[in-house]
Amino acid sequence: MHHTYASLKSIAAYIPPHCVSNTDFEKIIDTSDEWITERTGIKTRYFADASQTTSDLAYEAGKVAIQRAGLTPQDIDIVIVSTLSGDYLSMPSTACLTSFKLGIENKPAFDISAACSGFIYLLGLAKSFIESKTYKNILIIGAERISSILDFTDRNTCVLFGDGAGACVIGATNDPKEAILEVDICANGRYENLLYTPRQCTTFPQLTPKPPKRESVVHMEGKEIFKLAVKTLTQNVNEILAKHQLSAQDVNFFVPHQANLRIINAVGKQLNFTPEQIVLTVQKYSNTSAASIPMAINDIYENSRLKYGDLMLLDAFGGGLTWGSALVRFALKN
Ligand code: UT7
């Protein structure tokens, strides 16, 4: 009997049309290209057009991911989207709308909420669904229109994030050289107040006191998050490599969540990854939350760096707090 492994069958991304530079921010807030570059590495980010919703971005990435897997939308058994900036406040889910735009009807679709770790969570779900033989072809998408929940008067947050989507098809294989070897995910709600998007609450008029009004935009304690991110991301890598008796040198690509170049460099240095191994897109795309890792994988794929069978180590950290890592072989024959 062959073992059934989950396998990453394709990768695709959508980059929205409006490229916004650091100097564009100098016109609206008290900031500088120098500060943003030095503290974050970010030079540009891409924002969706006013007419585009998150499901529009997810659709574009999803469509190409299905094509690259050699499939049609009718072959997809389930669509799962991770987003913190969905089309609607709570329903319908962005996955429902994305499925319909792709021409997929009467199949399951739902969203998950795991902030910047969303793509690793999606991989974990898809892996279980494949290994349990529940579904054959799963479309997972990290999609964000974070520009719709940014406070463009808060220089501490608005320069850091961008829009985008990354998608892939997860299918089954019997070949361990094409397998998703491991997905580890974790969370701790103790750190609720470090990174959050408040929700305006209505209250029955007779009940007092009224809840305080807090704006529904991203709030972040950058310094605290920075320290926890470096520590957690490093620990994730050490644990997942040890579990598989691998060392940093055995990995073709280290693909960390793209939040800050200083975080990535600090983690990369502690773990002895070479610059060639570390995938960097934060300079051009900034932090696209759940979309950042699949967008980074797509970047090395489209630049012909990523080859069939390559081993990638994915590593993410974000609001929740949530975190996770994965060891994934690339299974798309170029
Ligand atoms: O994706 C989820 C996880 N998120 C992250 O991983 C983000 C983690 N955090 C970070 O990336 C960094 O902490 C930031 C980039 C957010 C901030 O960098 P920092 O080196 O920690 O700077 P800081 O917060 O200590 O701020 C230094 C100064 C402050 O001024 P004072 O109080 O020292 O006078 C800020 O007000 O820089 C000021 N500042 C800015 N100045 C110009 C903050 N934002 C800006 C800005 N332009 N955009």
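Refer to the structure presented above.
These lines cover the structure that appears in this document, whether it is placed above or below. These numbers were taken from a predicted model, which means no experiment stands behind them.

The rules behind each value
Residues numbered from 1 in each chain as written. Predicted model: local features only at pLDDT ≥ 70, side-chain atom pairs only at ≥ 80, totals over all residues. Heavy atoms only, no water. Phe/Tyr/Trp six-rings, centres within 6.5 Å; stacked < 30°, edge-to-face > 60°. Helix = DSSP H or I, 4+ residues; strand = E, 2+ residues; numbered from the N terminus. Salt bridge = Lys/Arg side-chain N within 4 Å of Asp/Glu carboxyl O. Buried < 20%, exposed > 50% of the residue type's maximum accessible area, 1.4 Å probe, protein only. Core = buried A, V, L, I, M, F, W, Y, C linked by side-chain atoms within 4.5 Å. Contact = heavy atoms within 4.5 Å. Near = heavy atom within 4 Å. Polar contact = N/O pair within 3.5 Å; in protein donor to acceptor, adjacent residues only side chain to side chain. Areas by Shrake-Rupley, 256 points an atom, 1.4 Å probe, with all protein chains shown as cover.

Things to note about the packing of aromatic side chains
Okay, step 1: What the rule picks out here adds up to six aromatic pairs.
Okay, step 2: Measuring from centroid to centroid gives 5.1 Å for phenylalanine 129 and tyrosine 135, while their planes differ by 80°, and the two rings are edge-to-face.
Okay, step 3: With centroids separated by 5.6 Å and ring planes inclined at 55°, the aromatic side chains of tyrosine 301 and phenylalanine 330 adopt a geometry described as tilted. With tyrosine 301 in helix α9 (residues 292-302) and phenylalanine 330 in the segment after β14 (322-329), the pair connects residues that are 29 residues apart, well separated along the chain.

Some remarks on the pattern of salt bridges
Okay, step 1: Using the criterion set out here, one finds 12 salt bridges in the structure.
Okay, step 2: A salt bridge links lysine 243 to glutamate 182; the nearest nitrogen and oxygen atoms lie 3.0 Å apart. One end of the pair, lysine 243, is in helix α6 (residues 222-243); the other, glutamate 182, is in strand β9 (residues 180-187), and 61 residues separate them in sequence.
Okay, step 3: Judged by its relative accessible area of 52%, lysine 243 falls in the exposed class.
Okay, step 4: One network of salt bridges, with partners in common, ties together Glu182, Asp184 and Lys243.

Notes on the nonpolar core
Okay, step 1: With 41 residues, the main nonpolar core has Phe273, Leu313 and Phe317 as its most contacted residues.
Okay, step 2: Elements represented by at least two residues in this core include exactly α6, α7 (261-270), β13 (311-318) and β14.
Okay, step 3: Broken down by element, the residue count for this core peaks at eight residues, all from α6.
Okay, step 4: For leucine 313, the residues in contact, after removing those within four places along its chain, are Val237, Ile240, Leu241, Val251, Phe253, Phe254, Val255, Phe273, Ala326 and Leu327.
Okay, step 5: If you look at the next biggest cluster of nonpolar residues, it comprises 36 residues, including Ile80, Phe119, Val279 and Ala316.

A look at the site of the ligand
Okay, step 1: If you check the shell around the ligand, you find 23 residues, and the closest are Thr31, Arg39, Lys223, Asn260 and Asn287.
Okay, step 2: Within the contact set of the ligand, a nitrogen atom lies 3.0 Å away from a backbone nitrogen or oxygen of arginine 155.
Okay, step 3: Within the side chain of asparagine 287, a nitrogen or oxygen atom sits 2.7 Å from an oxygen atom of the ligand.
Okay, step 4: Protein burial of the ligand: of its 970 Å² of free accessible surface, 76% is covered by the chains.
Okay, step 5: Those elements that place two or more of their residues in the shell around the ligand are α2 (33-40), α6 and α7.

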